[in-house]
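# Report on the structure
Take a look at the letters that make up each chain.
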Amino acid sequence: MNDQRTVLVTGATGNVGPHAVSQLLAAGARVRALVLADDPNVDRLPAGVQLCTGDLADPDSLDAALDGVDGVFWMWPFFSLSTATAPAVLKKMEQQVDRVVVVSSVGVHIGLEPVDNNCHAYLEQLLEQSTLTWTFLRTTGFMANALGFAAQIRGDGQVVRFPYGDAARTSVHEADLAAVGVRALLDDGHEHRRYLVSGPEVLTQREQVEIIGEVVGRPLRWQDVHAEEARRQMVATGWPPSYADGALDYFAMLTKESEVGSTVVAEVTGQPARTFRQWAHEHAAAFR
Ligand SMILES: NC(=O)c1ccc[n+]([C@@H]2O[C@H](COP(=O)([O-])OP(=O)(O)OC[C@H]3O[C@@H](n4cnc5c(N)ncnc54)[C@H](OP(=O)(O)O)[C@@H]3O)[C@@H](O)[C@H]2O)c1
């Protein structure tokens, strides 16, 4: 397949979107980024991308963004938007697009996430029932989730308080997740694949924080707190309660058995998956 395809990226200003946009542009694709009107985060996007205003909550608002598009890098902002309009968004895509990559979750891969929670498994089911050619990126947790600890570390913080320091994660660098999606959109051979996408190593949450400490040059210590305390804080900062419960139950499980991992990043992109230490160096300023 040639690289002169036109690709629309949704969730373009989130954690993964800017990487997807940059990498698609570098690969020679024409790239559109779906952004909300007055989106405060468009400065995260590189020059050369075409900004298209639209709202996933209003499928008709996507018509201009989708006009003439070949592929969609589809990310749904589950935290802030229900999936009520997802079937109508999918119908719009079916009229224009032949290929969709959707960012899904390891929770679907290991059978923890039910279809009826209207989250990643639901989007997968919609795609399976559509006429579209799809690829699922069932990702483990983002390395960027560690930014959630930044407020406790910045300045002269020494202790990170959160439950389940021994939860062993295979967190993925957002650029690697994007890179797998870019290959799936631009190359043949990824149709109807359900990829488990992970980082290259197993690190406990405690070890991730220790690495951040080494990178910023200040020893950091993990302190386990009760899950209920963390749940209250997560819900207060916008987590839907059922998502907070699901995440905390999952972390508890990962103290007993490590998160699953894969070599998909290296196999699909031809590059080794980035390490957490590399991610921490790139984001050191957020923790200083
Ligand atoms: N974090 C993890 O560990 C993890 C694990 C598994 C799967 N995932 C999935 O990965 C995907 C990408 O995550 P992410 O962290 O990069 O992004 P995200 O935080 O899920 O989504 C934020 C993006 O969506 C945009 N957005 C919000 N409401 C919108 C609307 N109504 N219409 C159009 N766009 C809207 C935001 O724009 P603004 O700039 O205006 O805010 C921003 O670009 C998500 O589907 C998430 O569920 C994440």
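Just above sits the structure.
What this report covers is the structure whose coordinates are included nearby. Not measured: the values here are computed from a predicted model.

The rules behind the values
Residues numbered from 1 in each chain as written. Predicted model: local features only at pLDDT ≥ 70, side-chain atom pairs only at ≥ 80, totals over all residues. Heavy atoms only, no water. Near = heavy atom within 4 Å. Polar contact = N/O pair within 3.5 Å; in protein donor to acceptor, adjacent residues only side chain to side chain. Areas by Shrake-Rupley, 256 points an atom, 1.4 Å probe, with all protein chains shown as cover. Nonpolar A, V, L, I, M, F, W, Y, C, P; charged D, E, K, R; others polar. Axes fitted to C-alpha atoms, helices over the stretch in contact; angles between N-to-C directions. Helix = DSSP H or I, 4+ residues; strand = E, 2+ residues; numbered from the N terminus. Parallel < 35°, antiparallel > 145°, perpendicular 65-115°, else oblique. Left-handed = near helix turned anticlockwise from the far one by under 90°. Contact = heavy atoms within 4.5 Å. Salt bridge = Lys/Arg side-chain N within 4 Å of Asp/Glu carboxyl O. Buried < 20%, exposed > 50% of the residue type's maximum accessible area, 1.4 Å probe, protein only.

Looking at the ligand, there are 24 residues lining it, with Thr-13, Asn-15, Asp-55, Trp-76 and Asn-145 nearest. Note that a nitrogen atom of the ligand is positioned 2.7 Å from one of the side-chain N or O atoms of Asp-55. In the complex, 79% of the free accessible area of the ligand, which totals 920 Å², lies under the protein chains. Across the shell around the ligand, the residue classes break down as eleven nonpolar, eleven polar and two charged.

A word on the packing of helix 1 (residues 17–26) against helix 7 (residues 174–186). Between helix 1 and helix 7, whose axes approach to 8 Å, the crossing angle comes to 45°. When the interaxial angle is binned, helix 1 and helix 7 end up oblique. As for how helix 1 packs across helix 7, the hand of that crossing is right-handed. Taken together, the residues of helix 7 that come into contact with helix 1 (itself represented by His-19, Ala-20, Gln-23 and Leu-24) are Glu-174, Ala-175, Ala-178, Ala-179, Val-182 and Leu-186. Each residue belonging to the contact of helix 1 with helix 7 can be placed in one class, and the counts come to seven nonpolar, two polar and one charged.

Turning our attention to the pattern of salt bridges. If you walk through the whole model with that rule in mind, you get 15 salt bridges. A salt bridge links Arg-194 to Glu-128; the nearest nitrogen and oxygen atoms lie 2.7 Å apart. Taken together, the positions of Arg-194 in strand 9 (residues 193–197) and Glu-128 in helix 5 (residues 120–128) put the pair 66 residues apart, joining distant regions of the chain. Given the relative accessible area of 40%, Arg-194 is considered partly exposed. Two residues, Glu-259 and Arg-169, come together in a salt bridge whose shortest N-O distance is 3.1 Å. Here Arg-169 lies in strand 8 (residues 168–169) and Glu-259 lies in the loop between helix 10 (241–254) and helix 11 (264–269), a separation of 90 residues in the sequence. This pair shows no difference in class: Glu-259 is buried, exactly as Arg-169 is.

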